[in-house]
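The primary structure of each chain is shown beneath.
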Amino acid sequence: MMNSDWLRRTTVLIGGTGQKEYSVKTLKSLKIKVPSLKEQQKIGEFLSKLDKMINHQSDKIDELKRQKKAFLQKMFI
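Visitor: Would you mind showing me how to read the overall build of the protein chain here?
Guide: Regarding its fold elements, the protein chain presents three helices and zero strands. Reading the protein chain from its N end, one meets helices and strands in the order α-α-α. Here the protein chain holds 77 residues, and the buried ones make up 5% of them. Carbon and sulfur atoms make up 61% of the accessible area of the protein chain, which totals about 7600 Å².

Below, the structure written as structure tokens:
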């Protein structure tokens with residue numbers, strides 16, 4: 001809801017003098033585009049795969065840090 005297109009289209013609907021806000025009535029009247037369930041599932045699967053890749057790479061980094069520590073300890077014994 002914070003992207004510039006959304007704000008440009010809905011700024012005229014915002015009320016309030018201090019903190020601007022949308023009324024419940026206004027929010028209910030807005031047409032909001034939502035991806036289909038199938039597309040949402042594909043997005044979810046994609047993000048899950050990214051999470052797994054990130055975790056895998058983090059594990060690799062941790063292992064390399066352990067190896068580095070071990071090499072440094074062997075150098076100064």
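Now that the structure has been shown, we can carry on.
Visitor: Would you mind going over the pattern of salt bridges with me for this structure?
Guide: Here the idea is simple: oppositely charged side chains can pair when their charged atoms come close. Applying the stated criterion across every chain, the model contains one salt bridge. Between Glu63 and Arg66 there is a salt bridge, with its nearest N and O atoms 3.0 Å apart. With Glu63 and Arg66 both in helix H3 (residues 37–75) and three residues apart, this pair spans about one turn of that helix. The exposure class assigned to Glu63 is partly exposed, which follows from its relative accessible area of 36%.

Visitor: So what exactly am I meant to see when it comes to the environment of Gln40 here?
Guide: Position of Gln40 among the secondary structure elements: in helix H3. The exposure class assigned to Gln40 is partly exposed, which follows from its relative accessible area of 37%. When sequence neighbours within four positions are dropped, the list of residues in contact with Gln40 reads Val34 and Pro35.

Visitor: Looking at this structure, how should I read a nonpolar patch on the surface?
Guide: Nonpolar side chains collect at one region of the surface, where Ile43, Phe46, Leu47, Leu50, Met53 and Ile54 lie side by side and expose about 570 Å² of accessible area between them. Relative to the helices and strands, Ile54 is located in helix H3.

Visitor: Looking at this model, I keep getting lost on the environment of Thr11. Mind explaining?
Guide: You can see Thr11 is positioned in the loop between helix H1 (4–10) and helix H2 (24–29). The spatial distance from the C-alpha of Thr11 to the C-alpha of Tyr22 is 9.3 Å, given a sequence separation of 11 residues.

Cut-off values and rules
- Throughout, a residue's number is its position along its own chain's written sequence, starting from 1.
- Totals for whole chains, interfaces and linings use every residue, but because this is a predicted model, local features are given only for residues with pLDDT of at least 70 and side-chain atom pairs only at 80 or more, for both listing and counting.
- Hydrogens and water molecules were not included; the side-chain quantities draw on all heavy atoms of the structure.
- In this description a helix means any DSSP run of H or I spanning at least four residues, a strand means any run of E spanning at least two, and both kinds are numbered starting from the N terminus.
- To sort residues, take the accessible area from a 1.4 Å probe on protein chains only and compare it with the maximum for the residue type: under 20% means buried, over 50% means exposed, and anything in between is partly exposed.
- The Shrake-Rupley method, run with a 1.4 Å probe, gives the accessible areas here. Residue values count only the displayed protein chains as cover.
- Any carboxyl oxygen of Asp or Glu that lies within 4 Å of a side-chain nitrogen of Lys or Arg is treated as forming a salt bridge with it.
- Contacts are assigned to residue pairs that have any heavy atoms within 4.5 Å of one another.
- Only residues above 30% relative accessible area that lack a salt bridge enter a patch, with like-charged residues linked at up to 9 Å and the nonpolar side chains Val, Leu, Ile, Met, Phe, Trp and Tyr linked at up to 5 Å.

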